[in-house]
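Breakdown of the fold
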Amino acid sequence: MMFPAYTIENYVEFGQDCQQKKETLSKQEFKVFQESWGRTLVNHCIKISLWWESLAGEWEDKLKQLPFATIDRSGLHKLAQMPLEALNDWYQEITASLQEHGVLRPQDMGRIACLFIPKPKRTLKLGETLTDEDFALVGKKYKLTATQLEALTQQTLELADGEPVVTEDMFPLLEAQELDPSVLLGKGDRTIWCLRQKDAEIELERSLRLETERKLNEELDQRLAQQAQVYEEKLNEQAQQHQTMIEQQAQRIAKLEQLMNDGLSQQKAKTKPNSFFSEVNSLTSDDSQASKKAKGFGNLAMANSGTSH
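A quick note: this is a predicted structure, and the numbers were derived from the prediction, not measured. (Residues numbered from 1 in each chain as written. Predicted model: local features only at pLDDT ≥ 70, side-chain atom pairs only at ≥ 80, totals over all residues. Heavy atoms only, no water.)

Here the focus is helix α2 (residues 27-37). Residues of α2 that are buried include every one of F30, F33 and Q34, and no others. On an axial view of α2, the arc spanned by its buried residues comes to 100°, and they lie on one face. Exposed side of α2, more than 90 degrees from the buried face: Q28, E35 and S36 are the residues found there. Considering only its buried residues, α2 is in contact with α1 (8-24) and α3 (39-54). Once α2 finishes, G38 follows within two positions and takes phi at roughly 105°, a positive value. (Buried < 20%, exposed > 50% of the residue type's maximum accessible area, 1.4 Å probe, protein only. Helix = DSSP H or I, 4+ residues; strand = E, 2+ residues; numbered from the N terminus. Arc of directions from axis to C-beta. Contact = heavy atoms within 4.5 Å.)

Side chains carrying opposite charge are able to pair once their charged atoms draw close together. If you walk through the whole model with that rule in mind, you get 10 salt bridges. K121 is paired through a salt bridge with D134; the nearest N and O atoms lie 2.6 Å apart. Linking K121 in the loop between α7 (106-113) and α8 (132-142) with D134 in helix α8, this pair joins segments that are 13 residues apart in sequence. For D134, a relative accessible area of 0% gives the class buried. Here E203 and R206 are joined by a salt bridge, their closest N and O atoms 3.4 Å apart. With E203 and R206 both in helix α11 (residues 187-271) and 3 residues apart, the pair spans about one turn of that helix. Taking relative accessible area as the criterion, E203 reaches 39% and is therefore assigned partly exposed. (Salt bridge = Lys/Arg side-chain N within 4 Å of Asp/Glu carboxyl O.)

Each aromatic ring pair is specified by the distance between its two centres and by the angle formed by the two planes. A full pass over the atoms with the stated rule returns 6 aromatic pairs. Judged by centre distance (6.5 Å) and plane angle (50°), the ring pair of F33 and W37 falls under tilted. Here W37 and F33 lie together in helix α2, a separation of 4 residues that amounts to about one turn. Exposure remark for F33: the relative accessible area of 11% places this residue in the buried category. Under the relative-accessibility criterion, W37 is labelled partly exposed at 33%. In this structure an aromatic cluster arises from ring pairing among F14, F30, F33 and W37. Above the ring of W59, the side-chain terminus of K62 is found at 4.6 Å from the ring centroid. Across from the ring centre of Y91, 5.3 Å away, lies the NZ or CZ of K62, which sits over that ring. (Phe/Tyr/Trp six-rings, centres within 6.5 Å; stacked < 30°, edge-to-face > 60°. Lys NZ or Arg CZ within 6 Å of the ring centre and 35° of its normal.)

Negative phi values dominate among residues other than glycine, just as trans dominates among peptide bonds. Here K143, not a glycine, exhibits a phi torsion of approximately 55°, which is positive. Mapped onto the fold, K143 is located in the loop between α8 and α9 (146-160). One non-glycine residue, E178, lies in positive phi territory at about 60°. By the element assignment, E178 lies in the loop between α10 (167-176) and α11. Residue E178 is classed as exposed on the basis of its relative accessible area of 76%.

Take a look at the structure:
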């Protein structure tokens, strides 16, 4: 449907009517209504009416007073897509164009509005705090259902544990679903992410290698310790056996010495008279000699006495 020479109020009123029907009709009935008027026209006018209702009263007056010969619906829709805080900058640009050219063409509304419309976000940046718009972009990139996107958003927020959620916080969840996080990034960040991934893989391989070496060293140390313990036990056993042999040998030697001493004692007892009887015999022998001497002296004395008589 075309609105030649229509004003802002015309589009706003039509959009309000479309919005009312959207709220009262069933989905199927509203779909029929959209098709009868044109889906784009209906959706644009609903957007315009909602935007218009959000404006302060002074802005409504300023926009109505702009000397457009007619209002271009597409241009008005672009104006409705601008952030409200950019409206003042747009107004300064449009009035400057009016002063320069002395007239406002219908396309000027949309042309200048495009300068202040944020470009649709197509990629995410590393380290960037995620917004609802970013999550919506994720859902669009991976063609997630509303339920899937809501679950992903909730899980990401839980992982952040109250901290601001950045782009990388979502990546483990995406990888768990076998989704490639790099498709969310621009060319520069994608290169950085891939390099980080390679560095992480190298570090992981290094960690695994070090862990393997550590385990092997532990096993080797354990085996060496076990072997050393077995060797020490054998040495102790051999030392104990050797000590036992030495003690047994010493006992044998002691017994032999005792036997030898006993044998020598027995031989001496057989070949040498008893010391006591030897002393007695010695004394007896001395007394006999003394007696003989005394007897000799007695005989000599008697002989001398006989001579004298």
